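An overview of the molecular structure
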Amino acid sequence: MAASATSLEYVQKMFIAYFGRPAAPSGLEYYGELVDAGNIAALQDDFWNSAESQALFSQPSTEGKVNAIFNQLFGRDAGASGLTYWAVEINSGRVSLPSAALTILNSAAAADAAVFAAKLDVANAFTGELDTTSEILGYQGNTAGGRV
């Protein structure tokens, strides 16, 4: 069963928001099917517990992690009020880091939304071009390294 276009877009957004890179085709489809099945928590758990996540978010403070998300999403540091707000939300346990990444994206102002839209276009084009076995094998997990 193929994942829906809506779920595939959601997953690609999550990859960019959380990892700062496009999804590999197999990961896009796998997580898209999880989203279609209503299992968004599994996606967020997998993202949070991955070796790639632990390497990307190794900053000692929650503020450093939140700032990394802003840089991945919009190519800029978080504003002081946003940084404080999201750090408090994450530290209190009201929101996880992966869900904060997507919520930050979904509440972006017009200029930030335009930056992200361009990143999403590039990510979708990149993932779509991975169509040979060697290309797919060459772009896997935390060895992928390509940032958008």
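Look a little higher up for the structure.
Now for a quick tour of the structure.

Within the protein, the regular secondary structure consists of nine helices and zero strands. Starting at the N terminus, the α and β elements of the protein follow one another as α-α-α-α-α-α-α-α-α. In terms of overall size, the protein behaves like a compact globule, its C-alpha atoms giving a radius of gyration of 15 Å where 148 residues would be expected to give roughly 15 Å. Oriented by its inertia axes, the alpha-carbon framework of the protein measures out at about 45 × 30 × 25 Å. Burial statistics for the protein: of 148 residues in total, 43% are counted as buried. As displayed, the protein has an accessible area near 7,200 Å², and 57% of this comes from carbon and sulfur atoms. Put simply, the protein has 7 plus and 15 minus side-chain charges, and the middle of one group is 10 Å from the middle of the other.

Of note, Pro25 is situated in helix α2 (residues 25-36). A C-alpha to C-alpha distance of 9.7 Å links Pro25 and Phe126, two positions 101 residues apart in sequence. If we ignore the near neighbours within four places in the chain, the residues touching Pro25 are Thr127, Leu130 and Ile136.

Counting residues in hydrophobic clusters, the biggest one holds 36 residues, and the most contacted among them are Val11, Leu43, Phe47 and Leu73. Every element with two or more residues in this core is listed here: α1 (5-19), α2, α3 (40-49), α5 (62-74), α6 (80-92), α7 (97-106) and α8 (110-129). No other element matches the eight residues that α1 contributes to this core. Residues within four places of Phe47 in sequence aside, it is in contact with Met14, Phe15, Tyr18, Phe19, Tyr31 and Ser53.

Moving on, we get to the packing of aromatic side chains. Following the criterion strictly, the structure yields 11 aromatic pairs and no others. An angle of 85 degrees between the planes, with centres 5.0 Å apart, marks the rings of Tyr85 and Trp86 as edge-to-face. Assessed through its relative accessible area of 45%, Tyr85 is described here as partly exposed. Site record: aromatic cluster; members linked through ring pairs are Phe15, Tyr18, Phe19, Tyr30, Tyr31 and Phe47.

Moving on, we get to the environment of Thr103. By the element assignment, Thr103 lies in helix α7. The class of Thr103 is partly exposed, set by a relative accessible area of 36%. The spacing of Thr103 and Tyr18 is 85 residues in sequence and 11 Å in space, taken between C-alpha atoms.

Okay, the packing of α5 against α6 next. Look at α5 against α6: their axes get within 9 Å of each other, and the N-to-C directions meet at 120 degrees. Regarding the angle of α5 to α6, the classification is oblique. Note on packing geometry: the crossing formed by α5 with α6 is right-handed. Residues Thr62, Glu63, Val66, Asn67 and Phe70 of α5 pack against Leu83, Trp86, Ala87, Ile90 and Asn91 of α6. Looking at the contact of α5 with α6 residue by residue, the classes come out as six nonpolar, three polar and one charged.

Let us look at α1. When the terminal C-alpha atoms of α1 are compared, their 21 Å separation across 15 residues agrees well with the 21 Å that a helix rising 1.5 Å per residue should span. Ser7, Tyr10, Val11, Gln12, Met14, Phe15, Ile16, Ala17, Tyr18 and Phe19 are the residues of α1 that are buried. Against α2, α3, α4 (51-56), α5, α7 and α8 lie the buried residues of α1. Trailing α1 by a residue or two, Gly20 shows a phi angle of about 75 degrees, which is positive.

Reading the values: the criteria
Just so you know, the residues in each chain are numbered from 1, in the order the chain's sequence is written. Confidence filtering applies because this is a predicted model: local features only for residues at pLDDT of at least 70, side-chain atom pairs given and counted only at 80 or more, and all residues used for totals across whole chains, interfaces and linings. As a rule here, side-chain values come from all non-hydrogen atoms in the structure, and water together with hydrogens is ignored. The helix and strand labels rest on DSSP assignments: H or I over at least four residues marks a helix, E over at least two residues marks a strand, and numbering proceeds from the N terminus. Each radius of gyration is computed over the set of C-alpha atoms, and the globule rule expresses the reference value as 2.2 Å times the number of residues to the power 0.38. Only protein chains enter the accessibility calculation, which uses a 1.4 Å probe. A residue is then buried if its area is under 20% of the maximum for its type, exposed if over 50%, and partly exposed in between. Computed by Shrake-Rupley with a 1.4 Å probe, the accessible areas treat only the displayed protein chains as cover when residues are assessed. Asp and Glu count as negative and Lys and Arg as positive, but His and the ends of the chain are not part of the count. By convention, the charge on Lys lies at NZ, on Arg at CZ, on Asp at CG and on Glu at CD. By definition in these notes, contact holds between two residues if any of their heavy atoms fall within 4.5 Å. For our purposes a nonpolar core is just a set of buried Ala, Val, Leu, Ile, Met, Phe, Trp, Tyr and Cys residues, chained together by side-chain atoms within 4.5 Å. A pair of aromatic rings is counted whenever rings of Phe, Tyr or Trp (Trp by its six-membered ring) have centres within 6.5 Å, and the orientation is called stacked for planes under 30 degrees apart, edge-to-face for over 60 and tilted otherwise. Think of each axis as a best-fit line through the C-alpha atoms, taken over the contacting stretch in the case of a helix, with angles from 0 to 180 degrees between the N-to-C directions. Orientation labels follow simple angle bins: below 35 degrees gives roughly parallel, above 145 gives roughly antiparallel, 65 to 115 gives roughly perpendicular, and whatever is left gives oblique. Helix crossings get a hand from a simple test, with the near helix turned counterclockwise from the far one by less than a right angle marking a left-handed crossing and a clockwise turn marking a right-handed one. Under the grouping applied here, Gly and all other residues not named as nonpolar or charged are polar, the nonpolar ones being Ala, Val, Leu, Ile, Met, Phe, Trp, Tyr, Cys and Pro and the charged ones Asp, Glu, Lys and Arg. For a helix, the expected span equals 1.5 Å multiplied by the number of residues minus one.

Read these as layout, nothing more, since geometry by itself doesn't imply function.
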